[in-house]
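Here is how the chains run, residue by residue.
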Amino acid sequence: MIFSDAFMAIADPHRRHLLEELRRGPKTVNELAAGLPVSRPAVSQHLKVLLDAGLVNARPEGTRRVYAVSNAGFLKLNIWLDQFWEA
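These numbers come from a predicted model, not from an experiment.

1. Observations regarding the overall build of the protein
1) Next: Tallying secondary structure elements over the protein gives 5 helices and 3 strands in all.
2) Next: Secondary structure elements in the protein, listed N-terminal to C-terminal, are α-α-β-α-α-β-β-α.
3) Next: Taking 87 residues into account, the globule formula puts the C-alpha radius of gyration at 12 Å, and the protein, at 13 Å, falls close to it.
4) Next: Once the C-alpha set of the protein is aligned to its principal axes, its extents read approximately 45 × 25 × 25 Å.
5) Next: The contacts in the protein between residues at least 6 apart in sequence include a share of 50% that link residues at least 24 apart.
6) Next: Side chains of the protein give 11 positive and 9 negative charges; the mean places of these two sets differ by 6 Å.

What follows is the structure, given as structure tokens:
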């Protein structure tokens, strides 16, 4: 289920940090790794979890991949959460 995956994905503080950085605009792995006390490969692994959960997307730009927040992924999550406020 996408929601449990999304909640598991955002449970990690490093992944929340990545999402907060990406909220400010698209970034490469190297740009994201500069703000974390973990290795670049670890950042890539965190991004893979966020990609699999549908919370970020990536586009190729030359030899790099540029990551951005997936509005569609967060919309699904928001719709699911909103049902608890409407009751």
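2. Some words on the packing of aromatic side chains
1) Next: Counted under the stated rule, the structure contains 2 aromatic pairs.
2) Next: Taking the centre distance of 5.1 Å and the plane angle of 70° together, the rings of tryptophan 80 and phenylalanine 84 count as edge-to-face. Of this pair, tryptophan 80 and phenylalanine 84 both sit in helix 5 (residues 71-86), 4 residues apart, which is roughly one turn of the helix.
3) Next: Its relative accessible area of 26% is what places tryptophan 80 among the partly exposed residues.
4) Next: Each member of the aromatic cluster is reached from another via a ring pair, and the members are Phe7, Trp80 and Phe84.

3. Points about the sheet that holds strand 2 (residues 56-61)
Strand pairing in a sheet relies on backbone hydrogen bonds. The paired strands run either parallel or antiparallel.
1) Next: The strand order 1-3-2 describes an open sheet built from 3 strands, whose pairing is antiparallel. The sheet is open, and its two borders are formed by strand 1 (27-28) and strand 2, each paired with just one other strand.
2) Next: In this structure, strand 1 lies alongside strand 3 (residues 64-69), joined through 2 bridges in antiparallel fashion. Directly across from threonine 28, in strand 3, lies its bridge partner valine 66.
3) Next: Packing against the sheet, helix 4 (residues 40-52) makes contact with strand 2 and strand 3, and its axis sits at approximately 115° to strand 2.

4. Description of the nonpolar core
1) Next: Ranked by internal contacts, the top residues of the largest apolar core, which has 17 residues, are Leu18, Leu22, Leu32, Val43, Leu47, Leu50 and Leu55.
2) Next: Those elements that place two or more of their residues in this core are helix 1 (2-10), helix 2 (13-23), helix 3 (29-33) and helix 4.

5. Side note on the pattern of salt bridges
1) Next: Summed over all chains, the structure comprises 4 salt bridges.
2) Next: A salt bridge links arginine 64 to glutamate 61, with the nearest nitrogen and oxygen atoms 2.9 Å apart.
3) Next: For glutamate 61, a relative accessible area of 34% gives the class partly exposed.
4) Next: Among the charged side chains, a network of salt bridges with common partners joins Arg59, Glu61 and Arg64.

Basis of the calculations
Residues numbered from 1 in each chain as written. Predicted model: local features only at pLDDT ≥ 70, side-chain atom pairs only at ≥ 80, totals over all residues. Heavy atoms only, no water. Helix = DSSP H or I, 4+ residues; strand = E, 2+ residues; numbered from the N terminus. Rg over C-alpha atoms; globule rule 2.2 N^0.38 Å. Contact = heavy atoms within 4.5 Å. Lys, Arg positive; Asp, Glu negative; His and termini not counted. Charge placed at Lys NZ, Arg CZ, Asp CG, Glu CD. Phe/Tyr/Trp six-rings, centres within 6.5 Å; stacked < 30°, edge-to-face > 60°. Buried < 20%, exposed > 50% of the residue type's maximum accessible area, 1.4 Å probe, protein only. Pairing = 2+ DSSP bridges. Axes fitted to C-alpha atoms, helices over the stretch in contact; angles between N-to-C directions. Core = buried A, V, L, I, M, F, W, Y, C linked by side-chain atoms within 4.5 Å. Salt bridge = Lys/Arg side-chain N within 4 Å of Asp/Glu carboxyl O.

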